[in-house]
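# Summary of structural features
So the chains spell out like this:
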Amino acid sequence: MPWVTPYAPTRAELDACITCGLCLPVCPTFRLTGDETASPRGRLAAMAAVGEGLEPVDETFEEIMGFCLQCRACEVVCPSMVPFGRAMEGARAEIAAQRPRAARTVREFAVGKVLGSRASLKAVTAGAAVAQRIRIDGILPGPLRRMKGLRALPLRPSSIVGEVRRPDGPPIGRAAVLAGCVMDQWFAPVHEATLELLRRGGYLVEVPEQQACCGALAAHDGAADAARDMAVRNLAAFGGYDVVVADAAGCAAHLKDLGHWVDGGEELGGRVKDVTEIVAGLIDAGRLPELAGDLGEVAVQDPCHLRHAQRIMREPRRILEAAGYRPVEIDPVGMCCGAAGIYMVLHPETSNVLGLQKADQVRAAGPSLVASANPGCEMQLRSHLGGDFRIAHPVELYWEALRTDGS
Ligand code: SF4
Ligand code: SF4
């Protein structure tokens, strides 16, 4: 029996590939290696071989799947609409389920329990904040040096869970905000911008207590049961809201696809909005102002889970223009920056090559201010660009401009 879990890639998903190869030029790992097994088509063929019982789920299969960034650039160009991201999550779930129990437990603990628990994450954050202050990032082993991409962390991390913000007039609807895992502890200014812009745009804003981490990192790493548990909790927590808002592109993309994980998830996914979508919509509707100032140029980086997974490109630019910035493009095809969740830790060399490429694109574009709507991309950019550049979320920049303007 080649597959052992209900999450495995399905025959229909794999048969959809017509092996045309149109996805090859947009795949970062294929471009780096020229190797068919590092391409979307090759990975789908490897999954099909296992599904047909021709190959086992072994180390080679794990290597082929593990090298994928899950950036989903291949989905955008695929004429057969192969749901590559879903199939890859299924393949990763199979690999995790068929690993020796000890290895499985350690990985599941990291992505399921640490990220899934606010208390654990607070302890990790406080420890990392101390490490930042005594500047040990330079002596840490390889992948952990990525700490230098973090924002300055608080010694006493706070959380927005439980917050309620009321609009000045009658509400136009009830909005729930996903607190997330690292977003909640490490990106407080982005959360503050999100809460306040939704409130000022007319929403009654709540951050429900019962919610969990979105589960994207668990799903991407094959910790399927942990991802499913989080999906079940979020389904209960976000029931009854008109809109559910996530301010990390990776979280929004995962919540929109929750139908893959839990019955009822599709209905919830239909109510999910990336914060860039909802804020741009509030600006378009005249509920948030367009500011008249000229704040200069900003380079726009498109996170894969915004551009490829959610197909969102206009909205961050619209928000930046409304704030008074002039957006500058850095990359016509939206190649992955190499962060890719925990990929930057598991595959530091490949992640580094892609990060350096992205940093070169930013430098060539000119501005020292970069807008990015995903925490992993932000960390990757900061880590490769250094202190002369500022990287911030588009809604954070808009909220700052709005406060400065006094509108
Ligand atoms: S573009 Fe789609 S159909 Fe063509 S090889 Fe890639 S995955 Fe298969
Ligand atoms: S998700 Fe990204 S890295 Fe993986 S096969 Fe598709 S394009 Fe390549």
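Read on for an overview of the structure. (Residues numbered from 1 in each chain as written. Chains lettered and ligands numbered in written order. Predicted model: local features only at pLDDT ≥ 70, side-chain atom pairs only at ≥ 80, totals over all residues. Heavy atoms only, no water.)

Applying the stated criterion across every chain, the model contains three cavities of 30 Å³ or more. Space inside the largest cavity adds up to approximately 120 Å³. Of all elements in the fold, only α3 (40–51) and α5 (73–77) reach the threshold of two or more residues within the lining of the largest cavity. Top contributing element to the lining of the largest cavity by residue count: α3, with three residues. (1 Å grid on protein atoms, 1.4 Å probe; cavity = no way out; pocket = protein on both sides within 12 Å on 5 of 7 lines; lining within 4 Å. Points joined across faces, edges and corners; volume = space filled by probe spheres on them. Helix = DSSP H or I, 4+ residues; strand = E, 2+ residues; numbered from the N terminus.)

Successive side chains on a regular strand alternate, one facing one side of the sheet and the next facing the other. Most of strand β6 (residues 296–301) is tucked away: five of the six residues are buried. The pairing of β6 with strand β7 (residues 325–329) spans five bridges and is parallel. What sits directly across from A299, in β7, is V328. The sheet contact formed by β6 and strand β8 (residues 369–372) spans three bridges and is parallel. (Buried < 20%, exposed > 50% of the residue type's maximum accessible area, 1.4 Å probe, protein only. Pairing = 2+ DSSP bridges.)

Before going further, it helps to examine the site of ligand 2. The full set of residues close to ligand 2 is C27, P28, T29, P40, R43, C68, L69, Q70, C71, R72, C74 and F84. When its residues are assigned to classes, the shell around ligand 2 shows eight nonpolar, two polar and two charged. (Near = heavy atom within 4 Å. Nonpolar A, V, L, I, M, F, W, Y, C, P; charged D, E, K, R; others polar.)

This part takes up the packing of aromatic side chains. One pair of aromatic rings is described through two measures. These are the centre distance and the angle between the planes. In total, this model carries two aromatic pairs according to the counting rule given. Measuring from centroid to centroid gives 5.4 Å for Y7 and W261, while their planes differ by 35°, and the two rings are tilted. With Y7 in the segment before α1 (11–15) and W261 in the loop between α13 (249–256) and α14 (265–271), the pair connects residues that are 254 residues apart, well separated along the chain. W261 shares its class with Y7; the two are buried. Cation over ring: R174 sits above Y241, and NZ or CZ is 4.2 Å from the ring centre. (Phe/Tyr/Trp six-rings, centres within 6.5 Å; stacked < 30°, edge-to-face > 60°. Lys NZ or Arg CZ within 6 Å of the ring centre and 35° of its normal.)

Spanning 16 residues, helix α8 (residues 118–133) covers 22 Å between terminal C-alpha atoms, matching the ideal 22 Å at 1.5 Å per step. When α8 is considered as a whole, its buried residues turn out to be L121, T125, A128, A129, A131 and Q132. Burial along α8 is one-sided: seen end-on, the buried residues are contained in an arc of 160°. Set apart from the buried face of α8 by more than 90 degrees, the exposed residues are A119 and A123. (Expected span 1.5 Å × (residues − 1). Arc of directions from axis to C-beta.)

Let's shift gears to the sheet that holds β7. Spatial strand order, β7-β6-β8-β9: four strands in an open sheet with parallel pairing. Every interior strand has two partners, whereas the edge strands, β7 and β9 (390–392), have only one. Strand-to-strand twist across the sheet, computed as the mean angle between neighbouring axes with direction ignored, equals 35°. Against the sheet, helix α17 (residues 314–323) contacts β6, β7 and β8, and its axis sits at roughly 145° relative to β7. Running at roughly 100° to β9, helix α21 (residues 394–405) makes contact with β6, β7, β8 and β9 of the sheet. (Axes fitted to C-alpha atoms, helices over the stretch in contact; angles between N-to-C directions. Contact = heavy atoms within 4.5 Å.)

Right, let's talk about the pattern of salt bridges for a bit. For the structure shown, the criterion picks out 25 salt bridges. Between D15 and R11 there is a salt bridge whose closest N-O contact spans 3.2 Å. Here R11 and D15 lie together in helix α1, a separation of four residues that amounts to about one turn. The class of R11 is exposed, set by a relative accessible area of 60%. Salt-bridge contacts for E378 lead to R382; the nearest nitrogen and oxygen are separated by 2.7 Å. (Salt bridge = Lys/Arg side-chain N within 4 Å of Asp/Glu carboxyl O.)

Tracing the backbone shows A340 in the loop between β7 and α18 (343–346). Using a relative accessible area of 28% as the deciding quantity, one classes A340 as partly exposed. Residues A340 and G250, spaced 90 residues apart in sequence, show a C-alpha to C-alpha distance of 9.2 Å.

Residues L22, V76 and V77 make up a contiguous nonpolar surface patch of roughly 220 Å² in combined accessible area. Mapped onto the elements, V77 comes out in helix α5. When its relative accessible area of 32% is taken as the criterion, V77 is described as partly exposed. (Patch = residues over 30% accessible without salt bridge, like charges linked within 9 Å, V, L, I, M, F, W, Y side chains within 5 Å. Areas by Shrake-Rupley, 256 points an atom, 1.4 Å probe, with all protein chains shown as cover.)

As a further point, take the nonpolar core. Counting residues in hydrophobic clusters, the biggest one holds 79 residues, and the most contacted among them are L198, V279 and Y398. Setting aside residues no more than four positions away along its own chain, Y398 makes contact with L197, I283, L288, P289, I319, A322 and A323. Core analysis: the next-biggest nonpolar cluster, separate from the first, contains 24 residues, A8, M65, M88 and A91 among them. (Core = buried A, V, L, I, M, F, W, Y, C linked by side-chain atoms within 4.5 Å.)

This next bit is on the sheet that holds strand β2 (residues 173–177). Taken together, the five strands give an open sheet; going across it, the order is β1-β3-β2-β4-β5, and neighbouring strands pair in mixed fashion. The sheet terminates laterally at β1 (164–165) and β5 (272–274), the two strands that pair on one side only. Bridge count between β1 and strand β3 (residues 203–206): two bridges; the pairing is antiparallel. Note that in β3 the partner of R165 across the bridge is V205. Against the sheet, α13 touches β4 (243–246) and β5, its axis set at about 155° to β5.

Quick look at the site of ligand 1 now. Close contacts around ligand 1 come from C17, I18, T19, C20, G21, C23, R41, L44, C78 and P79, and that covers them all. The cavity that encloses ligand 1 is the largest cavity. Among the residues making up the shell around ligand 1, the classes are represented as seven nonpolar, two polar and one charged. (Sits in = over half its atoms within 2 Å of the grid points.)

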